[in-house]
Amino acid sequence: MRLFGTRPSGPGDAARVEERIHHGRHCGRLAPQRRELRRRWPIVEAPGDAIDQRLRPIEIHGEEGPRQVESRALGADAGAVLRTIDADPLLRAQLEGALGVAAKRAGDRDRALTHHRAALGAMRELYGDDHPATLRAMGNLANALREDDPAEAEALLTQATAGLERVLGDHHPAVATSLSNLAIAVARRDRPAEAVDLMRRSLAIRERSDPGHPSIAAGHYNLARALYDTGADREALAQYREGLALRRAAAPDDPALASYYSGIGRCAARIGDTAAAREAFEAQLQIEERHGPAAAADGARLDLARTLLAVDLDRAKALIDRVTRGLDDRPPSPKLAALRSEATAMA
């Protein structure tokens, strides 16, 4: 049995690729007994899962800046093995894609673009322009371009979405993902109403294709953000709450819940429901203090402080002072400066 994506080779080669990608170890360092076990261990996963399971650790390591170096090392080591066993270009292309995702999550956009362009070029050579793998690689490149070149990102996502609809049908989950990414790109170009329509289509596909899938919670969240940008605050609030309920039921301790609470707080504040906003920002702050970066916790403190100015000025000032102490000689943000002035005027 061989590793999906390689030319026919002995199972020992497949095991060595897996060992490198999962652990970044040189096979010569393994004890002979473990090496023999790897040679005999059949690779029986479905082809798509086999690739994902081997490349996902690289993406995970890239999520944190300090581990980006480890991600690159894993990728370089895995790439060396693939060249050694003369692997098919498919596995190399998917490795490039995984490294692109890792670099993007770690904030290294230039490296992400390099990897994603290489992955897209390789997929085009292998399959042409209309294969789902090529269209997904195109979408990944577009997502990496959203910050620096939103126009190109939108053009690529429009092409990728149309291609996936043509090849896979209108109701495939991959189409839902591409529609969601296109909506984000459109929203960045100040067309929120179009983004709402795209997000509605994406969510409808997700709900029809797999009603219990975790991505449905994210679909509600994304639709809520788009609605908020159009000023449809009450509908946005309802979508945030529905997404929160689904996400909390699936993973009650998920740090991502903070984003849902933040959205609920902003919507509630905008419609004048200060009590609901305060409750949401309290919940967000509890999560950010346990799991989030310092900047996210400070943002939650300031949002909560604003809801407290009229009912608990002392605590509002304490939250503002807490953020101020963490600045270390850096000038305050406009938001912090305005809140400090407001609190001083009310004292």
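Refer to the structure presented above.
Here is a short report on the structure shown in this document.

Thresholds applied
Residues numbered from 1 in each chain as written. Predicted model: local features only at pLDDT ≥ 70, side-chain atom pairs only at ≥ 80, totals over all residues. Heavy atoms only, no water. Helix = DSSP H or I, 4+ residues; strand = E, 2+ residues; numbered from the N terminus. Expected span 1.5 Å × (residues − 1). Buried < 20%, exposed > 50% of the residue type's maximum accessible area, 1.4 Å probe, protein only. Arc of directions from axis to C-beta. Contact = heavy atoms within 4.5 Å. Salt bridge = Lys/Arg side-chain N within 4 Å of Asp/Glu carboxyl O. Axes fitted to C-alpha atoms, helices over the stretch in contact; angles between N-to-C directions. Parallel < 35°, antiparallel > 145°, perpendicular 65-115°, else oblique. Left-handed = near helix turned anticlockwise from the far one by under 90°. Nonpolar A, V, L, I, M, F, W, Y, C, P; charged D, E, K, R; others polar.

1. What about helix α16 (residues 313-325)?
- Helix length check: α16, at 13 residues, gives a terminal C-alpha distance of 18 Å against a target of 18 Å (1.5 Å per residue), a fit within 8%.
- If you check which residues of α16 are buried, you get Ala316, Leu319, Ile320 and Val323. Taken end-on, α16 shows its buried residues confined to a sector of 95°, consistent with a single buried face. Turned more than 90 degrees from where α16 packs its buried face, Asp314 and Arg325 sit exposed.

2. Quick word on helix α9 (residues 173-188)
- Across its 16 residues, α9 extends 23 Å between first and last C-alpha, which sits within 8% of the 22 Å expected from 1.5 Å per residue.
- Among the residues of α9, those classed as buried are Ala174, Val175, Ala176, Ser178, Leu179, Ser180, Asn181, Leu182, Ala183, Ala185 and Val186.
- Summarising the contacts, the buried residues of α9 are in contact with α7 (132-145), α8 (150-168), α10 (192-209) and α11 (215-230).
- Remark: Asp190 follows α9 within two positions and exhibits a positive phi of approximately 60°.

3. Digging into the pattern of salt bridges
- What the rule picks out here adds up to 16 salt bridges.
- With a shortest N-O distance of 3.6 Å, Arg111 and Asp108 are connected by a salt bridge.
- Of the charged contacts, one joins Asp298 and Arg301 as a salt bridge, the two residues approaching to 2.7 Å between their closest N and O atoms. You can see Asp298 and its partner Arg301 sitting in helix α15 (residues 294-308), 3 residues apart, about one turn around the helix.
- The buried category is assigned to Arg301, whose relative accessible area is 5%.
- A network of salt bridges, in which partner residues are shared, links Arg109, Glu147, Asp148 and Arg188.

4. Comments concerning the packing of α10 against α11
- Axis separation between α10 and α11 bottoms out at 9 Å; the angle between their running directions is 165°. Classified by the angle between their axes, α10 and α11 sit roughly antiparallel to one another. Judged by the sense of rotation from one axis to the other, the crossing of α10 with α11 is left-handed. In contact with Pro192, Ala193, Ala195, Val196, Met199, Arg200, Leu203, Arg206 and Glu207 of α10, α11 contributes Ser215, Ile216, Gly219, His220, Asn222, Leu223, Ala226, Leu227, Asp229 and Thr230.
- Classifying every residue of the contact of α10 with α11 by side-chain character gives 10 nonpolar, 5 polar and 4 charged.

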